[in-house]
Amino acid sequence: MSETYSYLGPSGTFTEAALAQVPEAQGKEWHSVNNVGEALDDVVSGRSVAAMIAIENSIEGGVSATQDALANIPGLRIVGEYLVKVQFVLVARPGTTLDDVRVVNAHPVAYAQTRKWLDVNLPAHGHIPSTSNVAAALSLFENDLADAAVAPPQIVQHHALEVLAENISDNANAVTRFVLVSRNTVLPPATGADKTSIIAELPDDRSGALLELLEQFSTRGVNLSLLQSRPIGDALGRYRFVIDADGHITDERVADALLGVRRFSPNIIFLGSYPRADRAPVEYVPRYDNGVFVEARDWLRALVSGEPES
Ligand SMILES: O=C(O)C(=O)Cc1ccccc1
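Residues numbered from 1 in each chain as written. Predicted model: local features only at pLDDT ≥ 70, side-chain atom pairs only at ≥ 80, totals over all residues. Heavy atoms only, no water.

You'll find the chain entered in an unreviewed UniProt entry as Prephenate dehydratase, with Herbiconiux ginsengi given as the organism. Quoted verbatim from the Catalytic activity (unreviewed entry) field of UniProt, the annotation for the chain is "prephenate + H(+) = 3-phenylpyruvate + CO2 + H2O". (UniProt positions renumbered as here; feature names shortened; annotations may be inferred.)

In structure tokens form, the structure reads like this:
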């Protein structure tokens, strides 16, 4: 079977740029899909070995469709993390001027990131959402519902569109974080610069439950880089928490923190341990070193087995 990788297309999206960073995906078949659900379906059904999906934007925050899909579809694992700088231009069919623009087609996350520019420069515009940044631009050839589209700058190299305005992002440093998701698989080995992602629910009707969840990490010296609540969906006021912790599940302090969460949470999903995109080594204080946990465990085992205390 040839290895296929799924990504949000069509060709030219930021998601494709993220997949281009994956060495093992080069020279393999890439399957363009219309949304995160389709991408993950490909992985679950075995059609693809992995899918690249956007999980967080530095301006818009977590991509809720992705976080909810990862919480609801069992057996998925994040195996890698990739960052892509995102910039946008406003494009239109040739001959259009900014004054002609009444309706703008844009992916919702792209729209949220260009909202200030659009409100200042096109105060009366309407918005049609698209499935991706490239789909927004291509819609201009398919129908005349929109007069312009928010798209990646490279779009004009491949399609006969005109740029009406450049650099329309509200924040020039916007970055999107993508993850490569695969089926339950062998863990990527620890590199010293890893991240562990979980989703955990809190026990009901317990004051301080969120604090207790966070304590599992703080008392083992594990730093968190993401904590986001998402509604579970079965009743108002019930949330699950998406957590990224510094370190790998084979690091003793991370393993111990996960055991703590497992004992306490009615539902914990392990999403994976994988190398950080920035390859920055995880920092922690020496009292949480692997050896400290191992020594304490050996001490306990010795006590239980009746060996003399060392
Ligand atoms: O990958 C793309 O180009 C997308 O359409 C998804 C997206 C939207 C906004 C910022 C980054 C990725």
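Further notes follow.
Peer 1: Got a minute to help me understand the environment of phenylalanine 241 in this structure?
Peer 2: Here phenylalanine 241 shows up in strand 14 (residues 239-246). Taking relative accessible area as the criterion, phenylalanine 241 reaches 10% and is therefore assigned buried. Residues phenylalanine 241 and aspartate 170 lie 71 residues apart in sequence; the distance between their C-alpha atoms is 28 Å. Beyond its immediate stretch of four places on either side in the chain, phenylalanine 241 contacts Ile198, Ile199, Ala200, Leu202, Leu210, Leu213, Leu227, Gln228 and Ser229. (Helix = DSSP H or I, 4+ residues; strand = E, 2+ residues; numbered from the N terminus. Buried < 20%, exposed > 50% of the residue type's maximum accessible area, 1.4 Å probe, protein only. Contact = heavy atoms within 4.5 Å.)

Peer 1: Is there a simple way to think about the domain arrangement of the chain in this case?
Peer 2: Many structure descriptions define interface size as the accessible area lost when the parts assemble. For the chain, the assigned domains are domain 1 (1-86 + 174-184), domain 2 (89-165) and domain 3 (187-309). For domain 1 versus domain 2, the separation of C-alpha centres amounts to 24 Å. Counting residues at the interface gives 13 residues for domain 1, matched by 10 residues for domain 2. Both faces combined, the contact of domain 1 with domain 2 buries some 890 Å², and carbon together with sulfur accounts for 68% of it. Ranking the residues of domain 1 by area buried against domain 2 places Pro10, Phe14 and Glu60 at the top, with a combined share of 42%. Summed over the shared surface of domain 1 and domain 2, the number is zero salt bridges. (Domains from an automatic or database assignment. Buried area = accessible area lost by both parts, 1.4 Å probe. Salt bridge = Lys/Arg side-chain N within 4 Å of Asp/Glu carboxyl O.)

Peer 1: It is not clear to me how the packing of helix 8 (residues 252-264) against helix 9 (residues 290-305) should be interpreted in this structure. Could you clarify?
Peer 2: Where helix 8 contacts helix 9, the two axes come as close as 8 Å, and the packing angle between them is 60°. As the angle between them shows, helix 8 and helix 9 are arranged oblique. Across the interface between the two elements, Glu252, Arg253 and Asp256 of helix 8 pack against Asn290, Phe293, Val294 and Arg297 of helix 9. Residues that form the contact of helix 8 with helix 9 fall into these classes: two nonpolar, one polar and four charged. (Axes fitted to C-alpha atoms, helices over the stretch in contact; angles between N-to-C directions. Parallel < 35°, antiparallel > 145°, perpendicular 65-115°, else oblique. Nonpolar A, V, L, I, M, F, W, Y, C, P; charged D, E, K, R; others polar.)

Peer 1: Help me understand the UniProt feature "domain: Prephenate dehydratase" (unreviewed entry) in the chain, please; the structure alone is not making it clear to me.
Peer 2: Here, the residues flagged by UniProt with the feature "domain: Prephenate dehydratase" (unreviewed entry) are residues 4-183. The straight-line gap between the two end C-alpha atoms of residues 4-183 is 13 Å; of that span, 29% is helix and 33% is strand.

Peer 1: How do you make sense of the sheet that holds strand 7 (residues 103-106) when you look at a structure like this?
Peer 2: Pairing between sheet strands relies on hydrogen bonds along the backbone, with the strands arranged either parallel or antiparallel. Taken in spatial order, the five strands of this open sheet run 8-7-9-6-10, and their pairing is mixed. Strands with a single pairing partner mark the edges of an open sheet, and in this sheet they are strand 8 (126-129) and strand 10 (162-165). Here the strands of the sheet are splayed against their neighbours by 35° on average, with no regard to which way each runs. Of the strand pairs in this sheet, strand 7 and strand 9 (residues 148-151) are connected by two bridges, and their pairing is parallel. Paired with valine 104 across the strands is alanine 148, a residue of strand 9. Seen against the sheet, helix 5 (residues 133-142) touches strand 6 (89-92), strand 7 and strand 9 and runs at an angle of roughly 160° to strand 9. (Pairing = 2+ DSSP bridges.)

Peer 1: Could you clarify how one ought to interpret the site of the ligand in this entry?
Peer 2: Residues in contact with the ligand, as listed here, are Leu8, Thr13, Phe14, Thr15, Val86, His107, Val109, Ala110, Gln113, Ser132, Asn133 and Thr176. Contacts to the ligand include phenylalanine 14, whose backbone N or O atom sits 2.8 Å from an oxygen atom. Here asparagine 133 contributes a side-chain N or O atom positioned 2.7 Å from an oxygen atom of the ligand. In the complex, 97% of the free accessible area of the ligand, which totals 320 Å², lies under the protein chains. Elements with a contribution of two residues or more to the shell around the ligand: helix 1 (14-19) and helix 4 (108-121). Sorting elements by how many residues they give to the shell around the ligand places helix 4 first, with three residues. Partitioned by chemical class, the residues of the shell around the ligand number five nonpolar, seven polar and no charged. Shared between two domains, the shell around the ligand holds at least three residues of each, these being domain 1 (1-86 + 174-184) and domain 2 (89-165). (Near = heavy atom within 4 Å. Polar contact = N/O pair within 3.5 Å; in protein donor to acceptor, adjacent residues only side chain to side chain. Areas by Shrake-Rupley, 256 points an atom, 1.4 Å probe, with all protein chains shown as cover.)

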